[in-house]
Amino acid sequence: MLEKLFSRASEGGLLWLGTPSESHRRLFSDASIHLATMPNSFETLCALETIRQQKHALPVVIVDVEVANRDHHCLAETTSKVAEYSNLYTVLFGKSEVSETLYSQVIYSTRELIKGSNVLIEQQSVYGQSIPEGVNASGRVLVIEKSSTNRLIAKGLLSSLSVEHDIVETMPNYIDLNRYGVVFIAYEQYHVPDVQWLIDQPVRKVIMGGQPTEGLEHTSVPLREKELVSLLKRADVELKTLEQPGVGLANAQELLAGELCLDVASISSRLNLSEDIARLVLVTYRGDLDKQMTALNKAQVDENPVALKAVAHKIKGASLSVGAHEISAFAAILESRVAGVLHETTLSTAVKDSAQQLTELLAEIKRNLDEYFSQEGAHG
């Protein structure tokens, strides 16, 4: 059936209703199949109607099961009642007993899609990069991570390795641990009450970031391909601490006067991500800056050391993820200083100065990122 999918898609292309993973994009790109993404059923139907009126071959339509459930099968039911779409080849991606009968084909996993295709010269390659043997030995992966930047990096890496996974911001109300072979938990989530019960469960657990915890495996944050592959293959992991330049309050003005530059190419190279994923990482980091600056300002106005420490920790982790080492180290200084006054009712002058200078650094990197994206847009 997968041979039929690729044969049909080679004629009319492919519309993906939802968000395809990086490995899917790579797979169809290698097969020279044009892939377009659609946000909802209505726009998909409009695109199909335009294609039909132009008398072009109809594309294959793949629908993420989440979108199918959300749209109440609008696309499948509508096209099934229109004679001109009787030859439309629709594929449901994901398991849903309610929806399956409405589609020409059902595919349950990325891995099955890649394995079942005879388009690739090597069965174990995605986008020209080989999938390391044994990375699926651990089974399905669950990642619990509050940082949107780190979640995006984890998604890109796991997708490129063709590892089945779920990535969540907080612990779900219900979780079937039998589905997972390994759970990655962000260090700051480790002490959250909703996560604590998980530590005692008989499932393999890996702590991301922070200090190594006795009895648990540990890895860096954000996830890096070499360490991730070693963990998934159940090999020993050699962790190398990422060095941060020493930054003190004395040279804050020097930092502000210098170039705080981030770009897609450097993130792509450092984290071994495709440029599409690296761009999403950088866009996500830029989007989070506004929220972080607001939270930083509110904590200062309220003179709330607990809130100030929390936002400093978040800024430290997110900035480290994208390679903004100066800001990460500066946030670490603030986090350390405010940790010593958590039970005070007011903030010390040193803490206020540190918080203010971190705010100025964030404003500077925000300005530089806006200029970078503006120039990138101008060049297409």
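For the structure, check the block above.
These numbers were taken from a predicted model, which means no experiment stands behind them.

**Notes on the sheet that holds strand E11 (residues 204-208)**
By way of backbone hydrogen bonds, the strands of a sheet pair with one another, either parallel or antiparallel. One open sheet accounts for 5 strands, arranged E9-E8-E10-E11-E12; its pairing is parallel. Of all the strands in the sheet, the pair left with one neighbour each is strand E9 (165-168) and strand E12 (217-219). Ignoring which end each strand starts from, the neighbouring axes of this sheet average 20° apart. As paired strands, strand E10 (residues 182-186) and E11 are joined by 5 bridges and run parallel to one another. Its bridge partner lying in E11, Phe 184 is registered against Val 206. Lying over the sheet, helix H9 (residues 225-232) contacts strand E8 (141-144), E10, E11 and E12, oriented at roughly 140° with respect to E10.

**Observations regarding the packing of helix H12 (residues 275-301) against helix H13 (residues 305-322)**
Packed helices, taken two at a time, are described by the angle their axes make and the gap between the axes. Axis separation between H12 and H13 bottoms out at 10 Å; the angle between their running directions is 160°. One way to sum up the angle between H12 and H13 is to call them roughly antiparallel. Relative to H13, H12 is oriented so that their crossing is left-handed. Side by side, H12 and H13 meet where Val 281, Tyr 285, Gln 292, Ala 295, Leu 296, Ala 299 and Gln 300 of the first sit next to Ala 307, Leu 308, Val 311, Lys 314, Ile 315, Ala 318, Ser 319 and Val 322 of the second.

**Quick notes on the sheet that holds strand E1 (residues 14-17)**
Strand order across the open sheet formed by 5 strands is E2-E1-E3-E4-E5, with parallel pairing between neighbours. Strands at the two margins of the open sheet, each flanked by one partner only, are strand E2 (35-38) and strand E5 (105-107). Within this sheet the neighbouring strands show an average axis-to-axis angle of 25°, counted without direction. As paired strands, E1 and strand E3 (residues 60-64) are joined by 4 bridges and run parallel to one another. Along E3, the bridge assignment pairs Leu 15 with Val 61.

**Thoughts on the packing of aromatic side chains**
Under the counting rule described, the total for this entry stands at 3 aromatic pairs. Aromatic side chains Tyr 372 and Phe 373 sit 5.5 Å apart centroid to centroid with 65° between the ring planes, which places their arrangement in the edge-to-face category.

**Remarks on the pattern of salt bridges**
Taken as a whole, this structure holds 15 salt bridges when the rule is applied. Glu 303 is the salt-bridge partner of Lys 352, the closest N and O atoms lying 3.5 Å from each other. Of this pair, Lys 352 sits in helix H15 (residues 349-378) while Glu 303 sits in the loop between H12 and H13, and the two are 49 residues apart along the sequence. A salt bridge links Lys 316 to Glu 335, with the nearest nitrogen and oxygen atoms 2.8 Å apart.

Cut-offs applied
- Residues numbered from 1 in each chain as written.
- Predicted model: local features only at pLDDT ≥ 70, side-chain atom pairs only at ≥ 80, totals over all residues.
- Heavy atoms only, no water.
- Pairing = 2+ DSSP bridges.
- Helix = DSSP H or I, 4+ residues; strand = E, 2+ residues; numbered from the N terminus.
- Axes fitted to C-alpha atoms, helices over the stretch in contact; angles between N-to-C directions.
- Contact = heavy atoms within 4.5 Å.
- Parallel < 35°, antiparallel > 145°, perpendicular 65-115°, else oblique.
- Left-handed = near helix turned anticlockwise from the far one by under 90°.
- Phe/Tyr/Trp six-rings, centres within 6.5 Å; stacked < 30°, edge-to-face > 60°.
- Salt bridge = Lys/Arg side-chain N within 4 Å of Asp/Glu carboxyl O.

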